[in-house]
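Tertiary structure, described
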Amino acid sequence: MKNAQLADLLRPKSFDDIVGQDHLFGANGVVRRMVGNGRITNMIFFGPPGTGKTTASHVIAAESGMSFHKLNATTASLSDVHHILAETNNIFGAGGILLYIDEIQYFNKKQQQSLLEYIEDGRVTLIASTTENPHFYVYNAIISRSSLFEFKPVAPAACVGALFRALEYLNREGGTQKTAADDVLLKIARMTSGDVRRAIGLLENAYYAADAVIDEAAVEQFRSGVGNFSDDTHYDLLSALQKSIRGSDPDATAFYLAKLLEAGELISVCRRLQVIASEDVGLAYPLAAAVTRACVESAKELGMPEARIPLAHAAILLATSPKSNSAYCAINDATADVQAGLGVTPPKHLQSPLYQGYKYPHDFENHYVAQQYLPKDLAGKTYYSFGKNRQESASEQYWESIKTKKKP
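In this report, the structure presented in the accompanying data block is examined. Everything quoted here is computed from the prediction, not taken from an experiment. (Residues numbered from 1 in each chain as written. Predicted model: local features only at pLDDT ≥ 70, side-chain atom pairs only at ≥ 80, totals over all residues. Heavy atoms only, no water.)

With that settled, the discussion passes to the overall build of the chain. Within the chain one finds 21 helices and 7 strands. Principal axes of the C-alpha set define a box for the chain whose edges measure 90 × 60 × 35 Å. Here the chain, with 408 residues, has 43% of them falling under the buried criterion. Considering only intrachain contacts with a sequence separation of at least 6, the fraction spanning at least 24 residues in the chain is 73%. For the chain, the accessible surface area stands at approximately 21900 Å², while carbon and sulfur atoms represent 52% of it. (Helix = DSSP H or I, 4+ residues; strand = E, 2+ residues; numbered from the N terminus. Buried < 20%, exposed > 50% of the residue type's maximum accessible area, 1.4 Å probe, protein only. Contact = heavy atoms within 4.5 Å. Areas by Shrake-Rupley, 256 points an atom, 1.4 Å probe, with all protein chains shown as cover.)

Quick look at the structure:
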């Protein structure tokens, strides 16, 4: 156990020991009350890393008495899933199987679909966790059969309790009596932005670097690469960055970008900037998406601290660019109709060369000819409306001049 992670050795064994998620596991926490009343349902835990998602699954498993299995979707294969599911047909699964899948966003659709039959008939109870928005990364059929619970960044004051326990353990195991003042433990909690696992790891490093007293100087030696969010959250800061860019404020954009990068959020920033380029700038300045992509790739190749320069290039370009969400609105409206079951069958002349009637636009003047493209039940529906900016206004004028000409 010498190389075991201290956070794993100190993993809470009961709901009382879980810190920072009182809305779920406190005395009146919804999950605690549900489990206490004998209800173990399919659950999806989502939120930042180090907030207790895996720990909660272990505690629930202990409370349920079910056969507990854990998979990490970053390394597990479909055969691993099938191997566990096979237990539902033998005596080992007689009491029910509780399957915990960590980082489920890394399972593809087929892997997630393989679970459906088993969770529908109750042979398997699924608890899945993700650091991403489950509505974007988890198959809808899994979501519809599960309850979603958000894990929030652990407040520094709550994290200090876990750090006290960690220090007591280190002193006991090492036969020492090292101390750390409350404000030093609070500093560690703040530096790690609500991630209890990172906080315990930082304390452990500082413990071995210090003599009798773990002071601020010992902690500061490990600041490099450690975030300093205080009570701000990963999600709040990304949201603030996007809203600042959308609001065309380059100063706020630079601030939130710097804050995220100082916290080590390089990959999250790269992803979000690419979304913003198409969602908020969009067709008002189409080249922004290409420039952003180039800056993101450059940043990944460079790494920090130089990565901040191309990312600042992209972020401030986006903040100062004209804005349009016309493409974003168009795909949202079209998606709503698809999900409502509309437009099942395209017009026959679009389906196959065997069907007659399709007009090849390139054979006509200006490479355009009027014909019906939407399915019959959606004929005439408008999803895209030109934005009021120079780029889209020019496109609108062009197509108006083309499409209002005499039809063939």
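It is worth spelling out the nonpolar core at this point. Looking at soluble globular proteins, one finds that nonpolar side chains tend to be buried together. Grouped together as the largest cluster of nonpolar side chains are 29 residues, with contacts concentrated most on Leu-163, Ile-188, Leu-203, Ile-214 and Val-219. Where this core is concerned, the elements lending two or more residues are helix H1 (6-9), helix H10 (156-174), helix H11 (182-191), helix H12 (196-209) and helix H13 (216-220). Of all the elements, H10 adds the most residues to this core, at 8 residues. Those residues in contact with Leu-203 that sit more than four places away from it in its chain are Leu-163, Ala-166, Leu-167, Leu-185, Ile-188 and Ile-214. Counting 26 residues, the second largest nonpolar core, distinct from the first, contains Leu-238, Leu-241, Cys-295 and Ala-315. (Core = buried A, V, L, I, M, F, W, Y, C linked by side-chain atoms within 4.5 Å.)

This part covers the environment of Ser-244. On the secondary structure map, Ser-244 appears in helix H14 (residues 234-246). Look at Ser-244 and you get buried, because its relative accessible area is 10%. Counting along the chain gives 163 residues from Ser-244 to Val-81, while the straight-line C-alpha distance between them is 43 Å. Those residues in contact with Ser-244, other than ones at most four positions away along the chain, are Asp-249, Ala-252, Thr-253 and Tyr-256.

Function cannot be inferred from these measures alone, as they are strictly geometric.
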